[in-house]
Amino acid sequence: MSDAVFIKQAFAEIDKAMIDALKKRAAHSPLRRARYCLHPDPSHPLNVMVIALCRDTYLRPHRFRKDKSKVYHLIEGAMDVLFFDDKGDIIKRIEMGEWHTKETFLCRWAEQIWHIPFPRTDIVVFEEISQGPFVKELDAEHAPWSPAEDDASGIAIFQKKIAENGPHPQEINE
């Protein structure tokens, strides 16, 4: 089962009922995530997605192979956006929360940098925007120092490490 549903109509709209359905889909997905793609297909020049991640999902750190901007806009829950150097050390952590909190609810970056969204609540829902077209095999690169998706023990160790370690916003000198 794919975690993506493409909305191919001329007008793509997301309402609360759709968010609730997306969260339920993520909770029942073997990968513990799901997304609506508001673009008709990956070849579109603008890729807009609404993504639900369960806390126990694993997204392998990745980066674009060429410079593209990416935007995360938090809708519900809380997550960290983690950025890594080429050795796998966390170099920046953006703590994201809903718009009414004091945390960041919208962030953008435009460089080739290893990153992942990392849920801090049982489920998090956010919008992701990036330039298309997107061809996974050509555009995305997984971090060689990160565990593969089928390495359960490596994933457990990695997730524990990043949940406990790495710079927090107050520790970063920018």
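Whatever comes next refers back to the structure up there.
None of the values given here were measured: they were computed from a predicted structure. (Residues numbered from 1 in each chain as written. Predicted model: local features only at pLDDT ≥ 70, side-chain atom pairs only at ≥ 80, totals over all residues. Heavy atoms only, no water.)

### So, the overall build of the protein
- Tallying secondary structure elements over the protein gives three helices and eleven strands in all.
- Taken from N to C terminus, the helices and strands of the protein fall in the order β-α-β-β-β-β-β-β-β-β-β-α-β-α.
- Over its C-alpha atoms, taken along the principal directions, the protein stretches across nearly 45 × 35 × 35 Å.
- Out of the 174 residues belonging to the protein, those deemed buried represent 44%.
- Once local pairs closer than 6 in sequence are excluded, the contacts in the protein between residues at least 24 apart make up 73%.
- Roughly 9,700 Å² of accessible area belongs to the protein as shown, and the carbon and sulfur atoms make up 55% of that amount.
- Here the protein holds 24 positive side-chain charges and 28 negative ones, and the gap between their average locations is 2 Å. (Helix = DSSP H or I, 4+ residues; strand = E, 2+ residues; numbered from the N terminus. Buried < 20%, exposed > 50% of the residue type's maximum accessible area, 1.4 Å probe, protein only. Contact = heavy atoms within 4.5 Å. Areas by Shrake-Rupley, 256 points an atom, 1.4 Å probe, with all protein chains shown as cover. Lys, Arg positive; Asp, Glu negative; His and termini not counted. Charge placed at Lys NZ, Arg CZ, Asp CG, Glu CD.)

### Re the nonpolar core
- Core analysis: the biggest nonpolar cluster contains 29 residues, and Tyr72, Met79, Val81, Phe84, Met96, Ile116 and Ile162 have the highest contact counts within it.
- Those elements that provide at least two residues to this core are β3 (46-54), β5 (70-76), β6 (79-84), β7 (90-96), β8 (106-109), β9 (114-119), β10 (123-131) and α3 (152-164).
- The next biggest cluster of nonpolar side chains, apart from the first, holds eleven residues, and it includes Ile7, Ile19, Val50 and Cys54. (Core = buried A, V, L, I, M, F, W, Y, C linked by side-chain atoms within 4.5 Å.)

### With respect to unusual backbone geometry
- Even without glycine at this site, Arg32 takes up a positive phi of about 65°.
- Note on placement: Arg32 falls in the loop between α1 (16-28) and β2 (33-37).
- For Arg32, a relative accessible area of 25% translates into the label partly exposed.

### Notes on the pattern of salt bridges
- The full count for this structure, using the stated rule, is 14 salt bridges.
- Residue Glu141 is joined to Arg63 by a salt bridge in which the shortest nitrogen-to-oxygen separation is 3.0 Å. Of this pair, Glu141 sits in strand β11 (residues 140-142) while Arg63 sits in strand β4 (residues 62-64); the two residues are 78 residues apart in sequence, bridging distant segments of the chain.
- Glu141 sits in the partly exposed class, given a relative accessible area of 22%. (Salt bridge = Lys/Arg side-chain N within 4 Å of Asp/Glu carboxyl O.)

### Quick word on the packing of aromatic side chains
- Applying the stated criterion to the full structure yields eight aromatic pairs.
- A centroid spacing of 6.2 Å and a plane angle of 85° characterise the contact between Tyr58 and Phe158, whose relative ring orientation is edge-to-face. Placement of the pair is Tyr58 in the loop between β3 and β4 and Phe158 in helix α3, with a sequence separation of 100 residues. Per residue, the accessibility class of Tyr58 equals that of Phe158, and both read buried.
- Above the ring of Phe64, the side-chain terminus of Lys68 is found at 5.5 Å from the ring centroid. (Phe/Tyr/Trp six-rings, centres within 6.5 Å; stacked < 30°, edge-to-face > 60°. Lys NZ or Arg CZ within 6 Å of the ring centre and 35° of its normal.)

### Digging into the side chain of Glu128
- By the element assignment, Glu128 lies in strand β10.
- Given a relative accessible area of 10%, Glu128 falls into the buried group.
- Beyond its immediate chain neighbours, meaning those up to four positions away, Glu128 contacts Asn47, Val48, Met49, Ile51, Lys70, Val71 and Tyr72.

### Re α1
- The end-to-end C-alpha separation of α1 is 19 Å, in line with the 18 Å expected for 13 residues at 1.5 Å each.
- For α1, the set of buried residues is Ile19, Leu22, Lys23 and Ala26. Down the axis of α1, the buried side of the element spans an arc of 100°, and every buried residue falls inside it. Set apart from the buried face of α1 by more than 90 degrees, the exposed residues are Ala17, Lys24 and His28.
- Residues of α1 that are buried in the fold lie against β2, β3, β5 and β10.
- For α1, the capping residue at the N-terminal end is Asp15, with a side-chain oxygen 3.2 Å from the backbone nitrogen of Ala17. (Expected span 1.5 Å × (residues − 1). Arc of directions from axis to C-beta. Polar contact = N/O pair within 3.5 Å; in protein donor to acceptor, adjacent residues only side chain to side chain.)

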